[in-house]
Amino acid sequence: MFKCKEFIFALLILFFLSFSFYPTVFELSKANRLTDSNREFILEHNFYWPDFNLYLSKIRQGTEGHWTAVEKYTSEIHEGSLIQEFYVILGELGRIFGMNPNSTYQLGRMVLSPLLLLMILVLVRYFFPSFIWQVTAFIIILVSGSFPRFYIDGGGVAQVGRYMEWWSNIDALQRITFIPHILFGQVVSFFLLYQLTALRFTLNAKKLIILILLGNAVGLVFPPSLMTLIGVLALLVLVNIWRTYRTDPAVRHFIQNISSGINISALQKFSPSSLRDIRKILVFIFFSAGSFISLLYILIITRQVPWSSLIIFHQTHPMLIPFSDYILGTGPVFFLAIFGCIISVVKRDRKFQPLIFWLIVTFAFALLFTHVKEQSPLRFTQTGLFIPLGILGTYFFYWLYQIISGKMLAKTGEEAAILAKLGVISLIIFYIGENMYMMKVSLEWQTNFITQRAVATIPLVPYPPQTMYPLKAWMDGIRWLRHTTNHNSVVLAEITAGNYIPAYAGNFVYFGQSNTVDYNRKGGEVDRFFKGEMTQDEAKELFRNGRIDYVFFSVQEKEVSGGHPPTDFYPFLQPIYQNSLVTIYRTD
């Protein structure tokens, strides 16, 4: 029987991983079938944001032998830091296996996605002792997603879509095999939550040190996950203090008389349950204090150039949460989880407290950073919120099944109780089926987008960068930079080339991503340069102050310049590379 259970969970894990990875496999099938023969197939991910190349640029640094990350999307001189160190280390692993940055990124997804599902399996086994409810919880966690959104498309055809489709991490299908550093944050933060709250252990220094090291790793890789975890532990500390104070007279007497000094004999009168709670409190405090080091590092380093640029970008380009759409995008599980929270509180089931606090802390941080523009509030929706929602939603179904079947048996007999059970089971099956249908909607949406990418021929160079496959000649120019130039040199280009160059050439760029220092100013300067609105002296000053060594001139730059090559405005530039689409100039 044990092997049968393991086999069922193995099949479920394999099914959901295959389902979520299918768009990637589907895209690979298009590799040799692009409509535009001038375009080059590159396996990419999360096409709707310009961050993919940012991750590749850090991976490339690792493959080139670097151990700390520098920001290639800006030209200011700076030292390496531990920000996005995760991708540098991933690049080091890729170098060992002889993999390019794109393949290394996909390796991160392939390793961390199964770990996420295994972590979810560990949690459902803890919260639900019955095998059938473990399976139910596992499936509900993974499938729960958006309410259906009905609309009429441009052709007048009725369609079904999802709410907040633009926020990929809310999609039940995509989040299973999502961005590696977010997967890492979810896996490790819930592992730590499980270790700290679910397992009974005494204060073991060695184990606590290991947990603190993991906590700092989460803080460096994805700070919102650690912030949420520490917030949960802080609430648990308050609850445990209040409980021991309220239930144990010895604790109450000790606290009331602590001003006169610590009485060791008074400690010996504490009840065993109070002593266990106090040990938990100490563990939570030590862990939080030890792992807060990473958050303090992030706080300090993001006050320094160039790492401050991302905070400034969030302040000037805030991504706020449309809470009504977010709840609709989260789907029915949000309301089921609320019911599960209420039942847990009424029944005083302390096991579910950490999950309830995870929900509270997540929305509290999201609300806080809606007003305090230090971080995007949407980042706190990426901490694995679907896991506690799914567990608490399943708990509601479990309670409903128990209470209805029990009452029906008591009042009307066994036959009516069986019918009541079948009713709840049918409700669960309908719920899972409806959410599976929404995952199918997501799958069709993703594959349709990939198909459109494969057949698209215009624009020649797009933005956001990943919305089309790049032109071969355009990529040849970028590869020339990689093979010919010093990777510490700085390249001036418009936004799309500026986004690709650090990832595929390894050079610094003057402008190319939200991590660019003075993003708005530099974007304006780049446009002025290519429009020919600068004098020659102003251009030389731009090159000197920006440490710019090369100018990349291609399709997008030509559109901005009105078809004029930069030498029409700045004759001192020296062309050193040219193909059918790209000309690269030296600035000295």
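Residues numbered from 1 in each chain as written. Predicted model: local features only at pLDDT ≥ 70, side-chain atom pairs only at ≥ 80, totals over all residues. Heavy atoms only, no water.

**Student:** Even after reading the chapter, I still don't get the overall build of the protein, so can you show me in this structure?
**Tutor:** If you tally the helices and strands in the protein, you get 22 helices and seven strands. Taking 2.2 N^0.38 as the reference for a compact globule, 588 residues should give roughly 25 Å; the C-alpha atoms of the protein span a radius of gyration of 28 Å, in line with that estimate. Expressed as lengths along the three principal axes of its C-alpha atoms, the size of the protein is roughly 90 × 70 × 45 Å. In the protein, which comprises 588 residues, the share counted as buried stands at 56%. In the protein, once contacts between residues fewer than 6 apart in sequence are set aside, the share between residues at least 24 apart is 73%. Counting every atom, the protein has about 25800 Å² of accessible surface; 64% of that belongs to carbon and sulfur. Separation of charge centres in the protein, based on 48 positive and 38 negative side chains, amounts to 14 Å. (Helix = DSSP H or I, 4+ residues; strand = E, 2+ residues; numbered from the N terminus. Rg over C-alpha atoms; globule rule 2.2 N^0.38 Å. Buried < 20%, exposed > 50% of the residue type's maximum accessible area, 1.4 Å probe, protein only. Contact = heavy atoms within 4.5 Å. Areas by Shrake-Rupley, 256 points an atom, 1.4 Å probe, with all protein chains shown as cover. Lys, Arg positive; Asp, Glu negative; His and termini not counted. Charge placed at Lys NZ, Arg CZ, Asp CG, Glu CD.)

**Student:** Quick question: what am I supposed to make of the packing of aromatic side chains here?
**Tutor:** What characterises a pair of aromatic rings is the spacing of the ring centres plus the angle enclosed by the ring planes. Applying the stated criterion to the full structure yields 44 aromatic pairs. Where F334 meets F335, the ring centres are 5.3 Å apart and the plane angle is 85°; that geometry is what we call edge-to-face. With relative accessibility at 39%, the residue F335 sits in the partly exposed group. A network of ring pairs unites the aromatic residues Y126, F127, F128, W133, Y194, F352, Y395, Y398 and Y401 as a single cluster. Directly above the aromatic system of Y126 lies the positively charged group of K351, at a separation of 5.2 Å from the ring centroid. (Phe/Tyr/Trp six-rings, centres within 6.5 Å; stacked < 30°, edge-to-face > 60°. Lys NZ or Arg CZ within 6 Å of the ring centre and 35° of its normal.)

**Student:** For this particular structure, what's the right way to read the nonpolar core?
**Tutor:** Note that soluble globular proteins tend to have their nonpolar side chains buried in a common cluster. If you look at the biggest cluster of nonpolar residues, it comprises 134 residues, and the most contacted ones within it are F16, F138, W474, I501 and F552. F16 has contacts with L117, F138, I139, L142, V143, I176, M436 and M439, leaving out every residue within four places of it along the chain. Grouped together as the second largest cluster of nonpolar side chains are 23 residues, F313, Y519, F529 and F530 included. (Core = buried A, V, L, I, M, F, W, Y, C linked by side-chain atoms within 4.5 Å.)

**Student:** Is there a simple way to think about the pairing of strand 1 (residues 148–152) in this case?
**Tutor:** Where a strand is regular, its side chains alternate between the two sheet faces. The sheet contact formed by strand 1 and strand 2 (residues 158–162) spans five bridges and is antiparallel. In the strand pairing of strand 2, Y151 is matched with Q159. Hairpin connection of strand 1 to strand 2: five residues between the antiparallel strands, including G156 at a positive phi of 80°. (Pairing = 2+ DSSP bridges.)

**Student:** Teacher, can you tell me more about the sheet that holds strand 6 (residues 574–578) here?
**Tutor:** Whether parallel or antiparallel, the strands of a sheet pair through hydrogen bonds between backbone atoms. With mixed pairing, the five strands of this open sheet are ordered in space as 4-3-5-7-6. Every interior strand has two partners, whereas the edge strands, strand 4 (508–509) and strand 6, have only one. Two strands pair when backbone bridges link them, and strand 3 (residues 490–492) and strand 4 are joined in this way by two bridges, in the parallel orientation. In the strand pairing of strand 4, V490 is matched with F508.

**Student:** Would you explain helix 21 (residues 536–545) in this entry?
**Tutor:** Residues of helix 21 that are buried: A539, L542 and F543. Burial along helix 21 is one-sided: seen end-on, the buried residues are contained in an arc of 95°. Along helix 21, exposed side chains directed more than 90 degrees from the buried face belong to D537, R544 and N545. (Arc of directions from axis to C-beta.)

**Student:** For this particular structure, what's the right way to read the side chain of N46?
**Tutor:** Mapped onto the elements, N46 comes out in the loop between helix 1 (2–29) and helix 2 (52–63). A polar contact of 2.8 Å, which involves the side chain of N46, links it to the side chain of S168. Apart from the residues within four sequence positions on either side, N46 is in contact with S168, F178 and I179. (Polar contact = N/O pair within 3.5 Å; in protein donor to acceptor, adjacent residues only side chain to side chain.)

**Student:** Help me out: how do you make sense of helix 7 (residues 205–221) in this one?
**Tutor:** Along an α-helix, residues three or four positions apart point the same way, because every turn accommodates 3.6 residues. Taking 1.5 Å per residue, 17 residues should reach 24 Å; helix 7 reaches 24 Å between its end C-alpha atoms and fits that length. Taken together, the buried positions of helix 7 are occupied by L208, L211, I212, G215, N216, V218, G219 and V221. Against the buried residues of helix 7 lie helix 3 (85–96), helix 6 (180–198), helix 8 (223–247) and helix 11 (272–301). Where helix 7 begins, one side-chain oxygen reaches toward the backbone nitrogen of K206, 3.0 Å away; that side chain belongs to N204. (Expected span 1.5 Å × (residues − 1).)

**Student:** What is the right way to look at the pairing of strand 6 in this model?
**Tutor:** Of the strand pairs in this sheet, strand 6 and strand 7 (residues 583–586) are connected by four bridges, and their pairing is antiparallel. Paired with P575 across the bridge in strand 7 is Y585. Hairpin geometry of strand 6 and strand 7 is characterised by an intervening segment of four residues between the two adjacent antiparallel strands.

**Student:** Explain the packing of helix 3 against helix 4 (residues 101–127) to me, please; I cannot follow it from the model alone.
**Tutor:** Each pair of packed helices gets described by two things: the angle between the helix axes and the distance between those axes. Between helix 3 and helix 4, whose axes approach to 9 Å, the crossing angle comes to 100°. Classified by the interaxial angle, the pair formed by helix 3 and helix 4 is roughly perpendicular. Of the residues in helix 4, those in contact with F86, Y87, L90, G91 and G94 of helix 3 are T104, Y105, G108 and L112. Classifying every residue of the contact of helix 3 with helix 4 by side-chain character gives five nonpolar, four polar and no charged. (Axes fitted to C-alpha atoms, helices over the stretch in contact; angles between N-to-C directions. Parallel < 35°, antiparallel > 145°, perpendicular 65-115°, else oblique. Nonpolar A, V, L, I, M, F, W, Y, C, P; charged D, E, K, R; others polar.)

**Student:** Even after reading the chapter, I still don't get the pattern of salt bridges, so can you show me in this structure?
**Tutor:** Two side chains of opposite charge can pair, provided their charged atoms sit close to one another. Inspection of the entire model under this criterion finds 16 salt bridges. A salt bridge links R125 to E6; its shortest N-O distance comes to 2.5 Å. Here the residue R125 occupies a position in helix 4, and E6 occupies one in helix 1, the gap between them amounting to 119 residues. Taking the relative accessible area as the measure of exposure, R125 reaches 33% and is therefore partly exposed. A relative accessible area of 27% places E6 in the partly exposed class. A salt bridge links K58 to E71; the nearest nitrogen and oxygen atoms lie 3.2 Å apart. (Salt bridge = Lys/Arg side-chain N within 4 Å of Asp/Glu carboxyl O.)

**Student:** How should I be thinking about the environment of Y398 in this particular structure?
**Tutor:** Mapping Y398 onto the fold places it in helix 16 (residues 386–412). For Y398, a relative accessible area of 28% gives the class partly exposed. For the pair Y398 and G340, spaced 58 residues apart in sequence, the C-alpha to C-alpha distance is 9.3 Å. Apart from residues no more than four positions distant in its own chain, Y398 is found in contact with F128 and W133.

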